[in-house]
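Listed below are the residues making up each chain.
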Amino acid sequence: MGKRPAVRHPATWVVVWDEGVGWLPEGGTPVVLGWDEVEEARHTVASVRDGFGKEFNRTHRLMVVPAPNPVGRRRLYLEPEFPFVAEIANFVATRAHAA
């Protein structure tokens, strides 16, 4: 038997401030993390180009992995259609790496 694919629960809202980040995973409970509780923050940019190499679409995604803990907090996923995903992803990834 193969491994079951991971189920993603994209955030329905996200809050970012100087001390940390908080979000509500779809169908879950709110998660609030200080920057020192973030194990990894990955900002991914995908570019779609036409046959001539001209970019016509760019998408941003964000994934935040909480540090291991007994509560088992879910990861933060922001999909490309989330409002202001590029700005949020850039800030969170930069701030998490600085902590």
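Predicted model, so just to flag it, every value in this text is computed and none were measured. (Residues numbered from 1 in each chain as written. Predicted model: local features only at pLDDT ≥ 70, side-chain atom pairs only at ≥ 80, totals over all residues. Heavy atoms only, no water.)

## Describing the overall build of the protein
Step number 1: Scanning the protein from N- to C-terminus turns up one helix and six strands.
Step number 2: Element order for the protein, N to C, with α for helix and β for strand: β-β-β-β-β-β-α.
Step number 3: Counting the 99 residues in the protein, one finds 31% classified as buried.
Step number 4: Taking all contacts inside the protein whose residues are at least 6 apart in sequence as the whole, residues at least 24 apart take part in 44%. (Helix = DSSP H or I, 4+ residues; strand = E, 2+ residues; numbered from the N terminus. Buried < 20%, exposed > 50% of the residue type's maximum accessible area, 1.4 Å probe, protein only. Contact = heavy atoms within 4.5 Å.)

## Focus on unusual backbone geometry
Step number 1: Positive phi outside glycine occurs at Phe84, with the angle close to 60 degrees.
Step number 2: As for its position among the elements, Phe84 is in the loop between strand 6 (76–78) and helix 1 (85–98).
Step number 3: The exposure class assigned to Phe84 is exposed, which follows from its relative accessible area of 62%.

## Things to note about the nonpolar core
Step number 1: Ranked by internal contacts, the top residues of the largest apolar core, which has 20 residues, are Trp23, Val64, Leu76 and Leu78.
Step number 2: Of all the secondary structure elements, the ones that give two or more residues to this core are strand 1 (11–17), strand 2 (20–25), strand 3 (31–34), strand 4 (38–49), strand 5 (55–66), strand 6 and helix 1.
Step number 3: A per-element tally of this core places helix 1 first, with six residues.
Step number 4: Each residue touching Trp23, except ones within four places of it in the same chain, is listed here: Ala11, Trp13, Val14, Thr29, Pro30, Val31, Leu33, Val64, Pro66, Arg74, Arg75 and Leu76. (Core = buried A, V, L, I, M, F, W, Y, C linked by side-chain atoms within 4.5 Å.)

## Looking at the pattern of salt bridges
Step number 1: Per the counting criterion, the structure on display carries three salt bridges.
Step number 2: Residue Glu55 is joined to Arg58 by a salt bridge in which the shortest nitrogen-to-oxygen separation is 3.1 Å.
Step number 3: Across the pair Arg61 and Glu79 runs a salt bridge, and its minimum N-O distance is 2.1 Å. Of this pair, Arg61 sits in strand 5 while Glu79 sits in the loop between strand 6 and helix 1, and the two are 18 residues apart along the sequence.
Step number 4: Using a relative accessible area of 35% as the deciding quantity, one classes Arg61 as partly exposed. (Salt bridge = Lys/Arg side-chain N within 4 Å of Asp/Glu carboxyl O.)

## A word on the sheet that holds strand 5
Step number 1: Strand order in the open sheet formed by three strands is 4-5-6, and the pairing between neighbours is antiparallel. Here the strands that pair on one side only, and so sit at the sheet edges, are strand 4 and strand 6. On average, each strand axis in the sheet is tilted by 10 degrees relative to the strand beside it, whichever way the strands run.
Step number 2: Against the sheet, helix 1 engages strand 4, strand 5 and strand 6, with an angle of about 140 degrees to strand 4. (Pairing = 2+ DSSP bridges. Axes fitted to C-alpha atoms, helices over the stretch in contact; angles between N-to-C directions.)

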